[in-house]
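# Results of the structural survey
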Amino acid sequence: MGIIDDSRAVIQPVNKFWYKKKVAALDMLRLDLLHPVVSGNKWFKLRLNMKHAEERGFKTIVTFGGGFSNHLIATAYAAKRFGMASVGIVRGHYDHLTPTLVACKEEGMELIFVSKEDYKNKHEPGWASDLVAHFDELFIIPEGGANEWGREGAGLLKRYINDWYTHIAVSVGTGTTLIGLRDKLNDNQQIMGFVPMKQGAYLKDYIAEHLQPAKNLNWELIDKWHFGGFGKWNNELISFMNEFYGETSIPLDVIYTAKMMYGVHEMLEDNHFSSCDRLLCIHTGGLQGNAGVREGLVY
Ligand SMILES: *Cc1c(COP(=O)(O)O)cnc(C)c1O
């Protein structure tokens, strides 16, 4: 289990520099510091999956993702450290491999490319195992680590988060991290899930269905700041990332955490919070995805 040192994640005050007077505290949980490759929430979603696979003697980890997927590279890295083979089923075909996919291959992951149409079958029983029939003893992890071990693993993040915080901000992809947190954090803490894509509405049902029934409270999805959709950004977002970095020395990733912090910034400006609120924003990592930004980012 010891491939990542949990103590590397720290809580860093942001409000010292940024919007000091609007709320009583604005801190960031730096999961991005956990590891350069298996960063952020990805390790927490994977760790119980890997433990399970190891205990049951599985030899190959199969998972899914797009060309910039943080989950794919995290899985490739983790599987190698656990002495297992890994296969990544990639959405779409690429003339040139993305930096993420190159890194996956370097970690020994075999990549299988399927069309975007075909990729939609990924939940069908047998679809993935047919594609990877040439490997032995497969353990299939869904896209984004979205299974019960993923949710339970994300719940382990509670070890960093004390009850003093009134609001927890987290970025949402599959919703797995939000669900794990909601299940384990204090009921009174409000969990704000920032959605970096358009049409994130289906997530609401998905999250409600997968929460423990008694825990379906004090969470919300905020989908206003998607910047045109998943994986899209503009100069305004890049400038914001540079400015945030200049003031806090915290690098944000363009896909998830930058959109979340932009939203938090706007909500602070709009006086959405009360001056005694204490916010903890979770930096879920994903900095490797910034390799896809070609211009304007100072870090
Ligand atoms: C994957 C990812 C998320 C989304 O996590 P989910 O558990 O799928 O909701 C958020 N932030 C970063 C940086 C990620 O890589």
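Every value quoted in this text rests on a predicted model; they were computed, and no experiment measured them.

Each value, and the rule that gives it
Residues numbered from 1 in each chain as written. Predicted model: local features only at pLDDT ≥ 70, side-chain atom pairs only at ≥ 80, totals over all residues. Heavy atoms only, no water. Near = heavy atom within 4 Å. Polar contact = N/O pair within 3.5 Å; in protein donor to acceptor, adjacent residues only side chain to side chain. Areas by Shrake-Rupley, 256 points an atom, 1.4 Å probe, with all protein chains shown as cover. Helix = DSSP H or I, 4+ residues; strand = E, 2+ residues; numbered from the N terminus. Nonpolar A, V, L, I, M, F, W, Y, C, P; charged D, E, K, R; others polar. Domains from an automatic or database assignment. Salt bridge = Lys/Arg side-chain N within 4 Å of Asp/Glu carboxyl O. Buried < 20%, exposed > 50% of the residue type's maximum accessible area, 1.4 Å probe, protein only. Pairing = 2+ DSSP bridges. Right-handed = clockwise from strand over helix to strand, strands pointing away.

### With respect to the site of the ligand
Contacts to the ligand come from 16 residues, most closely from K42, N70, T174, T177 and T284. Side-chain polar atom of K45 to an oxygen atom of the ligand: 2.8 Å apart, as the coordinates give it. In this structure, G175 approaches the ligand through a main-chain N or O atom, which is 2.8 Å from an oxygen atom. For the ligand, whose free accessible area comes to 380 Å², the fraction covered by protein is 97%. Of all the secondary structure elements, the ones that give two or more residues to the shell around the ligand are α1 (41–55) and α7 (176–184). Of the residues contributing to the shell around the ligand, the split by class is two nonpolar, 11 polar and three charged. Here the shell around the ligand spans two domains, since at least three of its residues come from each of domain 1 (6–40 + 151–292) and domain 2 (42–145).

### What to know about the pattern of salt bridges
Under the defined criterion, the tally for this structure stands at 11 salt bridges. Across the pair R30 and D32 runs a salt bridge whose closest N-O atoms are separated by 2.8 Å. In this structure, the salt-bridge partner of E107 is R81, at a minimum N-O distance of 3.0 Å. In this pair, E107 is assigned in the loop between α3 (99–106) and β5 (109–114) and R81 in helix α2 (residues 70–81), connecting sequence segments 26 residues apart. You can call E107 buried: its relative accessible area is 15%. By relative accessible area, which is 36% here, R81 ends up partly exposed. Bridged by salt links that share partners, the residues D6, R47 and R159 form one connected network.

### Notes on the pairing of strand β9 (residues 219–222)
Bridging between strand β8 (residues 190–194) and β9 involves four bridges; their strand directions are parallel. Looking at β9, one finds that G193 is bridged to L221. For the segment spanning β8, helix α8 (residues 202–210) and β9, crossover handedness is right-handed.

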